[in-house]
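As a plain string of letters, each chain reads:
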Amino acid sequence: MMADSIKIADGVYWVGALDWDIRDYHGYKLNGTTYNCYLVFGSNKVALIDNVYPGFSPQLLGRIKDAFQKENRELKIDIVIQNHIEMDHIHSLYEIIQKFPDVEVYSSTRAVSGIKNLFPALENFEIKTVKTGDSLDIGCKSFTFVEASMLHWPDSMFTFLNEDGILFSNDAFGQHICLSERFDYELSNGLLMKNAKKFFANLITPSSQIVVKKLDEVGKLGVLDKIKMIAPSHGQIWTKPEEIVNAYKKWATGKCKDKITFIYDTMHHSTRKMAHAMIEGVLSEGFEVKTFFLHPDERSNIVTDVLDSKAICLGSPTIMNNPFPSLGDIIFYFNCLRFDRTSLNKKAVVFGSKGWGGGAVKKLSNDLEQSGFEIFEEYDVFNIPHEEELNKCYEIGKRLAQSLKD
Ligand code: FEO
């Protein structure tokens, strides 16, 4: 198909794919995304950085053809740099190799077994491996590689284009959005950061400590000061890289607002009444409150607000000695994301009403502790919370907010 490339620097083009229709990517609720790939023209060789999701190679190939026409060069890719091997960034690799049989493929060492597993036909194909500090010259342009294991997969790596100061960071610094624009300055900063924060909360949270170490390591390599542009594999390209780098430092080190996120469900309005009383206590201390009532709310948005909250208040009635089933999804997801106790340092209040024996509050506390939260207080009430109990909820909210003041 015909599709235009977009020049992002001299001899460097965005040639990715726009997925306008995707609404759920492995459980992440989104409203479209992009699979960004980049073509770099050296005087000797041409390198393609990353590939696209199944079904999107016609867009990729159309844009590649367009970029070659704009550069007035014979259509031939010499090198593929595969920064990550998740399906949304690698599926078209095999097609590229078939189309350009002499192409050399570069990846991290840990990517190799995954590539061979994904494409059994490449069993005997040589993949060149690189590690942090290795470089590759393609004539007038050169790359430095930085392994970025667990940012967010073991195989992940960054590729830095030395002459233009462009960091191809793959998933890191990405956003799941699909728009006509390609650059940060074409959007309002609020929209961009909201989506970058959602991406971090849902995909990078488990690697928070690694983010800090990696930024230190990149700084020591001398790369950080030279970055003029960050070109991730999803969403907009950052032309003011310090904005997203500083945001990552903030999110990865648990720097939060005076904010508490409430997540709760209710059976006969008792747990909801407790939540509302606790909210008043929190508000009385000047904290921001975000609420998620689990009937209509869902996990991707919840964790985005948890990311910059100092604490959460999780409420559930007890049903058959357990939490309400609607809590199961978010609890399971918290457990996947593992909010690191040391770096993110989040507290939790767990509350709810019970009919007879109870059980939901204790069970949820144990689950949250395993997910990295420090339990500040547990509170369950028998049947309906009356005036005295609602006052206690208010006091719990107030004490929690007071304990979180800097
Ligand atoms: Fe965008 Fe880890 O894939």
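About the cut-offs
- Residues numbered from 1 in each chain as written.
- Predicted model: local features only at pLDDT ≥ 70, side-chain atom pairs only at ≥ 80, totals over all residues.
- Heavy atoms only, no water.
- Buried < 20%, exposed > 50% of the residue type's maximum accessible area, 1.4 Å probe, protein only.
- Helix = DSSP H or I, 4+ residues; strand = E, 2+ residues; numbered from the N terminus.
- Pairing = 2+ DSSP bridges.
- Axes fitted to C-alpha atoms, helices over the stretch in contact; angles between N-to-C directions.
- Contact = heavy atoms within 4.5 Å.
- Core = buried A, V, L, I, M, F, W, Y, C linked by side-chain atoms within 4.5 Å.
- Domains from an automatic or database assignment.
- Arc of directions from axis to C-beta.
- Lys, Arg positive; Asp, Glu negative; His and termini not counted.
- Salt bridge = Lys/Arg side-chain N within 4 Å of Asp/Glu carboxyl O.
- Polar contact = N/O pair within 3.5 Å; in protein donor to acceptor, adjacent residues only side chain to side chain.
- Buried area = accessible area lost by both parts, 1.4 Å probe.
- Nonpolar A, V, L, I, M, F, W, Y, C, P; charged D, E, K, R; others polar.
- Phe/Tyr/Trp six-rings, centres within 6.5 Å; stacked < 30°, edge-to-face > 60°.
- Lys NZ or Arg CZ within 6 Å of the ring centre and 35° of its normal.

Peer 1: Requested: an account of the pairing of strand E7 (residues 38-41), with residues and values cited.
Peer 2: Burial along E7 is two-sided: the residues Tyr38 and Val40 and Leu39 and Phe41 are all buried. In this sheet, strand E8 (residues 46-49) lies alongside E7 in antiparallel orientation, the contact comprising four bridges. Bridged to Tyr38 within E8 is Ile49. The turn joining E7 and E8, which pair antiparallel and follow one another in sequence, is formed by four residues.

Peer 1: Describe the sheet that holds E7, and please don't skip the residues or the numbers.
Peer 2: If you trace the seven strands from one edge of the open sheet to the other, you get E1-E2-E7-E8-E9-E10-E11, paired in mixed fashion. In the strand order of this sheet, the two ends are held by strand E1 (6-9) and strand E11 (127-130), each with one partner. The mean angle between the axes of side-by-side strands here comes to 25°, regardless of whether they run parallel or antiparallel. Pairing of strand E10 (residues 104-108) with E11 involves four bridges; the strand directions are parallel. The residue bridging Tyr106 from the neighbouring strand is Lys128, located in E11. Across the sheet, helix H1 (residues 57-71) touches strand E2 (12-14), E7 and E8, and the angle it forms with E7 is around 25°. Across the sheet, helix H4 (residues 111-118) lies against E10 and E11, angled at about 125° from E10, the strand it touches most.

Peer 1: Describe unusual backbone geometry, and please don't skip the residues or the numbers.
Peer 2: Following Leu151, the chain continues into His152 via a peptide bond in cis, with omega recorded as 15°. Inspection of the secondary structure assignment puts His152 in the loop between strand E13 (142-147) and strand E14 (157-161). A positive phi angle, near 50°, is found at Met320, a position not held by glycine. Met320 gets classed as exposed once you look at its relative accessible area, which sits at 72%.

Peer 1: Report on the nonpolar core, specifying residues and quantitative values.
Peer 2: By size, the foremost hydrophobic cluster in this structure holds 92 residues, and its most contacted members are Leu39, Leu48, Ile77, Phe173, Ile244, Phe334 and Leu368. Ranked by residue count, the leading element in this core is helix H5 (residues 189-204), at eight residues. Two domains share this core, each providing at least three of its residues, namely domain 1 (6-252) and domain 2 (261-401). Apart from the residues lying within four places of it in its own chain, the contact partners of Ile77 are Leu39, Val46, Leu48, Ile64, Phe68, Ile96, Phe100 and Val103. Residues Ile49, Ile79, Cys178 and Ala231 belong to the second largest nonpolar core, which totals 26 residues.

Peer 1: Mind laying out H4, listing which residues take part and the relevant values?
Peer 2: For H4, the full list of buried residues reads Ala111, Val112, Gly114 and Ile115. Here the buried residues of H4 occupy an arc of 165° about the axis, which is enough to place them on one side. Away from its buried face, by an angle of more than 90 degrees, H4 presents the exposed residues Ser113 and Asn117. On the buried face of H4, the contacting elements are helix H2 (87-90), helix H3 (93-99), E10 and E11.

Peer 1: Lay out the side chain of Lys347 with the relevant residues and their values.
Peer 2: With respect to the element layout, Lys347 can be found in strand E22 (residues 347-354). Within the buried core, Lys347 has no salt-bridge partner, and the shortest N-O distance to an opposite charge, that of Glu374, equals 4.8 Å. Engagement of the side chain of Lys347 in a polar contact is seen with the side chain of Ser403, the distance being 3.3 Å. Not counting residues within four places of it along the chain, the set of residues in contact with Lys347 comprises Lys310, Ala311, Ile312, Phe373, Glu374, Phe376, Leu400, Ser403 and Leu404.

Peer 1: Can you explain the domain arrangement of the protein chain? Please cite residues and give values.
Peer 2: Considered domain by domain, the protein chain is made up of domain 1 (6-252) and domain 2 (261-401). Taking only C-alpha atoms, the centre of domain 1 and the centre of domain 2 are 38 Å apart. In this assembly, 14 residues from domain 1 lie in contact with 18 residues from domain 2. At the boundary of domain 1 with domain 2, total buried surface from both sides reaches about 1,300 Å², with 55% on carbon and sulfur atoms. Where domain 1 packs against domain 2, one counts one salt bridge. Between Asp308 and Lys197 there is a salt bridge, with the nearest N and O atoms lying 3.1 Å from each other. Elements that contribute at least two residues to the side of domain 1 that touches domain 2 include exactly strand E5 (28-29), H5, helix H6 (208-220) and helix H7 (241-252). If one sorts the elements of the side of domain 1 that touches domain 2 by residue count, H5 sits on top with five residues. Considering only residue class, the side of domain 1 that touches domain 2 consists of six nonpolar, five polar and three charged.

Peer 1: Quick one: what's the story with the packing of aromatic side chains, residue by residue and with numbers?
Peer 2: On inspection of all chains with the given rule, the structure shows 18 aromatic pairs. Ring geometry for Tyr248 and Trp251: centres 5.9 Å apart, planes at 50°, overall tilted. Here the residue Tyr248 and the residue Trp251 both occupy positions in helix H7, the gap between them amounting to three residues, near one helical turn. Accessibility assignment for this pair places Tyr248 and Trp251 in one class, buried. Judged by centre distance (5.7 Å) and plane angle (80°), the rings of Phe334 and Phe339 are edge-to-face. Here Phe334 matches Phe339 in class, with each residue buried. Joined through ring pairs, the aromatic side chains of Tyr25, Tyr35, Tyr53 and Phe56 make up one cluster. Here Arg272 stacks its cationic end above the ring of Phe293, 4.6 Å away from the centre of that ring.

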